[in-house]
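Single-letter residue listing:
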Amino acid sequence: MDSIIEFVITLLKPLGVTEPVFQFMLVSAILGLSIYLTLYTGMFSLASAGFMAIGAYFGVAATQFWHLPLGLGLIIGMLAAGLIAIPIGLPVLRLKDIYLAIATIGFGEVVNVVILNFDDVVAAILTAVQGERVRFRLIEGARGIKNIPRLTETQYLVFFLIIVGFFITRLHRSRFGRSMAAIRDDERAAANMGINVTYVKNIVFILSAMLAAAAGVFSAHLTRIITPDAYGFDRAVDILSFAVLGGTSTWVGPIVGGMTLTALPETLRAVNQYRGVFTGMVLLAVILFLPGGLVDPAGLRATIRRVRSRLRRAAESQGAT
Amino acid sequence: MLELLHVTRQFGGLTALNDVSLNVPAGRVVGLIGPNGAGKTTLINQISGLDHPTSGGINFAGQPIQGAPPHVIARMGIARTYQNIRLFGQMSALQNLLIGQHMQGRGSLLGAIFFSAAYRAEEKRLHLRARELLDRFGLGDSADSPAASLPYGDQRRLELARAIATQPRLLLLDEPTAGMNPSETHALGEHVLALRAEGLTVLVIEHDMPFIHQVCDEIYVLNFGQIIAHGAPDEIKHNPLVIEAYLGHEDSDDGAA
Amino acid sequence: MDTFFQQLINALSLGAIYGLFALGYALVFSVLGVLNLAHSAVFMTGAFFGLVLIDKLQLPLIVAFPLAMIGAGLVSVALEFIAFRPLRRRGAPRISQLISSIGASILLVSITQLLFQNLYGGTDAYFPRGLVPDEPILLGGLRIVPIRVIILIAALGMMVILQAVVSRTQIGQHMRAVAFNQRVAALLGINVGRVFVTTFFIAGALGGAAGMLYGLVFLNVSPFIGSDVALVGLTAIVLGGLGSINGAVLGGILVAALQTFSTAIGGSSYRNIVVFGILFLLLLVRPQGLLGQPDSTRT
């Protein structure tokens, strides 16, 4: 495994990709899969960023405050996100389209604000209870938590991705996976098939939250510092653009999208200041010209068919003259 | 099998269904006809759970079902088709029928992940039955084509096949022959009769009178949300109230859409 | 009590800006049925144009203001042609248009960022002081800064004009027809494309005006002021009802009031949680907003 990874990284070096960058690419791949699950079920949810934050903070709490190994931190982060996803999902997933998008954006901002004010609120409560002024500093609000040890290794990320990828391929071929796709295509008809739409949506939302949280735990132990503003609207849009660029018709799409968008600024290091321009243009260009994204087997097949028939017609008219 | 007792549905000031009572006996094909806007689809929606009556009760095999959510009603054995065809467009015809059998699967996710024997056996069974249904309804060649790409008549038959795949006891059909030519309509009628012979109960909304005559044992006529007539097809044909309801609407400039 | 009225004035003037901004969202949503998330970038370009016209081209405020509005309106129209029209023509789902507007927004902000670098060597710039007289007016124990009064007058004035345009002019009538039913409007001979362009222009002009006013009251302009108001604007229109013009204004004022009073009570770190908490709760309980129509928001 180690040697394979080394090999891949050596291949990527000329593109300006180093091992740390590769690790971030893998984190983005996990985030891509997180939003893929919800999109596959027809839910336009932008909650992944918020759950990533939850994962990051709980994961760091586990490794830094309770001195647990990264593996347990991962599990705790994912569990926390999964549990929080339940009361959030139940009301929110009844919403449609834009309203769901807005609600999930709102959720992300609420998480942001909770993190910012957590210490102060706890301090205020303790002060009220104990009658004397209490200072409480745990997650440090806006300053964030620093000096997190670099516990994430490339092989953990690769291993995690492989497991999740396998899980998703099996999901597609399972009864549950079919019901996800059915809900995406037509919710009402899906209900007529006996599918409990609310249940399926909530389960998928929880799974997606857990994946985003895992990405959060991994990334926290890579960047070594976490601040609440790293998980806001901008992050949610980034994750969305992974899916848009990569295409959502296959689970490979968001992985490709995530890895590409993370690697490109490194590849084009010279144009780093234009990063925003670049992301915006990519998003626009893909939506306008490549609606199926980079990984679009169905679109590719259609294009091949069109090209082939055009060539055939050209050959026929040549033969006729 | 299916009883509607004094079902009323009001939307604010508009009364779409007014004290509707009807009975669909087991194993029979009952037709529901009436001018456009009479409330036929609204009625079907009450039964399938998409909508709930403002008052009144709906009993299926003795159990009250008014107000139950659609997936629960589906699990009790009621299937439906839609006036505007609601297929899973991006999925293939075969996949549509696989989902149709959702309730026949026990499909544990763990089984799928670990390729358990139970999973493989179940998938095989579901695929086999899906193919049987495709052949039965003449869709064998289109098994892997996306449902939305099929010709119109095929889509209608696929929706019917998918409804049958759910193994219902009661089938609700909402204008199944819309857009079909006479020979396609007759062929569909043959399908419905075959289903009845297998013991299925059917409630069908239709405008096509030859189709109604071909398949229905009895007919209810709905106009302005009320049942105005009930009887065998021949009786209904000559019922003056029914004739007036249809002709009356043709005369006026713009009836309810 | 004085502080209360002081805060009330602040809340009202801020609310007027938010309301004006939210109007742009509401207009586009009711006529086109899409949420234009690039609207906050248009807001920012209004402030930016105003800044450049006053600071670099030395134009007086009275000239720069309408020019900035027109500029913002044109940027908004460009958005329609680049990000919305091609997708509509293709029959793409609404979500695509949302994503496209996000992309356009990022692009717009980034381009402005580059221009800022070139013109100001950084990402912060300031409107010159004293464009609007600074001296607070003393009114029965209250000290009111003139700019706040001007904001109220300007914003209210524009809303009144908009109301008049929408209800009394032909183009307003066309807009209402298209908002009601696009296909029928087209059948009646209305040039739907032209209505869309007009709607985007008006929305952009109003958004740009809001941006200018925001810049004038806070004096600070940066490429990122759009994000300050983006979510606030979203909350305002959800609060008021997504398609409702009056609701947008009402929502803007309510959000501003909530922000101002929660800041006064608890300090500025709480104001966001109040706003987003409200947004969240609202979507759960009454997604159609205070003045909207139910049943189109849930599946």
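Residues numbered from 1 in each chain as written. Chains lettered and ligands numbered in written order. Predicted model: local features only at pLDDT ≥ 70, side-chain atom pairs only at ≥ 80, totals over all residues.

Draft legend 1. Expanded view of the overall build of chain B. Of the regular secondary structure elements, chain B holds 10 helices and 10 strands. For the C-alpha atoms alone, the extent of chain B along its principal axes is close to 65 × 40 × 30 Å. Across the 257 residues that make up chain B, the buried fraction comes to 43%. Pairs at least 24 apart in sequence give 66% of the contacts found in chain B among residues at least 6 apart. (Helix = DSSP H or I, 4+ residues; strand = E, 2+ residues; numbered from the N terminus. Buried ≥ 20, exposed ≤ 12 C-beta atoms within 10 Å, placed from the backbone. Contact = placed C-beta atoms within 7 Å.)

Draft legend 2. A look at the confidence of the model for chain C. Mean pLDDT for chain C: 83, with 92% of residues reaching 70 or above. For this predicted complex, the interface confidence reaches an ipTM of 0.87, while the overall pTM sits at 0.87. (pLDDT = per-residue confidence, 0-100.)

Draft legend 3. How the structure looks around unusual backbone geometry. Phi is positive for Phe224(B), close to 50 degrees, though the residue is something other than glycine. Phe224(B) gets classed as partly exposed once you count the C-beta atoms within 10 Å, which come to 17. In this structure, Leu219(C) is a non-glycine residue whose phi angle is positive, near 70 degrees. One can find Leu219(C) in the loop between α8 (192-218) and β4 (220-221).

Draft legend 4. Structural detail: helix α5 (residues 146-168) of chain C. With 23 residues, α5(C) ought to run about 33 Å at 1.5 Å a step, and its terminal C-alpha atoms sit 32 Å apart, in line with that. Listing the buried residues of α5(C) in full gives Arg148(C), Ile151(C), Ala154(C), Ala155(C), Met158(C) and Leu162(C). (Expected span 1.5 Å × (residues − 1).)

Draft legend 5. Structural context of the pairing of strand β7 (residues 170-174) of chain B. Residue and element names in this part refer to chain B. Taking burial as the measure, the five residues of β7 include five buried ones, the bulk of the element. The side-chain alternation of β7 yields two buried faces, one formed by Leu170, Leu172 and Asp174 and the other by Leu171 and Leu173. Bridge count for strand β6 (residues 78-80) against β7 is three bridges, and the pairing is parallel. Its bridge partner lying in β7, Ala79 is registered against Leu171. Here β7 pairs with strand β8 (residues 201-205) via five bridges, running parallel. Bridge pairing in β8 places Leu171 opposite Val202. Regarding the hand of the β-α-β motif, the stretch spanning β7, helix α7 (residues 182-197) and β8 is right-handed. (Pairing = 2+ DSSP bridges. Right-handed = clockwise from strand over helix to strand, strands pointing away.)

Draft legend 6. Quick look at the interface of chain A and chain B. Each partner contributes to the interface: chain A provides 21 residues, whereas chain B provides 25 residues. Within the residue set of the side of chain A that touches chain B, elements represented by two or more residues are α6 (154-172), α7 (175-185) and α8 (187-192) of chain A. The residue inventory of the side of chain A that touches chain B, partitioned by class, reads nine nonpolar, five polar and seven charged. (Nonpolar A, V, L, I, M, F, W, Y, C, P; charged D, E, K, R; others polar.)

Draft legend 7. Seen up close, the nonpolar core. Within the largest apolar cluster, 273 residues are counted, with the highest numbers of intra-cluster contacts made by Ile30(A), Ala213(A), Ala214(A) and Ile17(C). Two domains share this core, each providing at least three of its residues, namely domain 1 (16-77 + 168-257) and domain 2 (87-157) of chain B. (Core = buried A, V, L, I, M, F, W, Y, C linked by C-beta atoms within 7 Å. Domains from an automatic or database assignment.)

Draft legend 8. Structural context of the interface of chain C and chain A. Taken together, the contact pairs 36 residues of chain C with 33 residues of chain A. Elements that contribute at least two residues to the side of chain C that touches chain A include exactly α3 (61-90), α4 (94-120), α9 (225-240) and α11 (271-285) of chain C. Here the side of chain C that touches chain A takes 15 residues from α4(C), the largest share from any one element. When the residues that make up the side of chain C that touches chain A are grouped by side-chain class, the tally is 24 nonpolar, 10 polar and two charged.

Draft legend 9. Fine view of the sheet that holds strand β2 (residues 14-24) of chain B. Residue and element names in this part refer to chain B. The strand order β2-β1-β4-β5 describes an open sheet built from four strands, whose pairing is antiparallel. Both edges of this open sheet fall to β2 and β5 (63-64), since each of them pairs with a single strand only. For strand β1 (residues 2-11) and strand β4 (residues 55-60), the ladder comprises five bridges, and the chain directions are antiparallel. Note on β4: the bridge partner recorded for Leu5 is Gly57.

Draft legend 10. Broad picture of the packing of α5(C) against helix α6 (residues 170-180) of chain C. Residue and element names in this part refer to chain C. Interaxial distance between α5 and α6 falls to 5 Å at its minimum, and their mutual angle equals 75 degrees. Classed by the angle they form, the pair α5 and α6 counts as roughly perpendicular. Counted together, Val165, Val166, Ser167 and Arg168 of α5 and Gly172, Met175 and Arg176 of α6 form the full contact between these two elements. Grouping the amino acids of the contact of α5 with α6 by side-chain chemistry returns three nonpolar, two polar and two charged. (Axes fitted to C-alpha atoms, helices over the stretch in contact; angles between N-to-C directions. Parallel < 35°, antiparallel > 145°, perpendicular 65-115°, else oblique.)

Draft legend 11. Quick look at the environment of Ala79(B). All names here are of chain B. Along the polypeptide, Ala79 turns up in strand β6. Owing to 25 C-beta atoms within 10 Å, Ala79 belongs among the buried residues under this scheme. With 36 residues separating them in the primary sequence, Ala79 and Phe115 have C-alpha atoms 31 Å apart.

Draft legend 12. How the structure looks around the pairing of strand β9 (residues 218-223) of chain B. Residues and elements named next belong to chain B. Counting buried residues in β9 gives five out of six residues, a clear majority hidden from the surface. Here four bridges tie strand β3 (residues 29-33) to β9, and the two strands are oriented parallel to one another. Looking at β9, one finds that Ile33 is bridged to Val221.

Draft legend 13. Main features of the domain arrangement of chain B. All names here are of chain B. In terms of domains, chain B is made up of domain 1 (16-77 + 168-257) and domain 2 (87-157). In this structure, domain 1 and domain 2 have C-alpha centres spaced 28 Å apart. Contacts between domain 1 and domain 2 engage five residues on the former and four residues on the latter. For the side of domain 1 that touches domain 2, the per-class residue count stands at two nonpolar, one polar and two charged.

Draft legend 14. Quick peek at the environment of Ala205(C). Residue and element names in this part refer to chain C. Summarising the element assignment, Ala205 is placed in helix α8. For the pair formed by Ala205 and Gln170, sequence separation is 35 residues and the distance between their alpha carbons is 19 Å. Beyond its immediate stretch of four places on either side in the chain, Ala205 contacts Met69, Ile70, Ala72 and Gly73.

Draft legend 15. Layout of the packing of α6(C) against α8(C). Residue and element names in this part refer to chain C. At a minimum axis separation of 10 Å, α6 and α8 run at an interaxial angle of 105 degrees. One element, α6, and the other, α8, form an angle in the roughly perpendicular class. Between α6, through Ile171, His174, Met175 and Val178, and α8, the contact on the second element is made entirely by Val192, Val195, Thr198 and Thr199. Of the residues in the contact of α6 with α8, the class split is five nonpolar, three polar and no charged.

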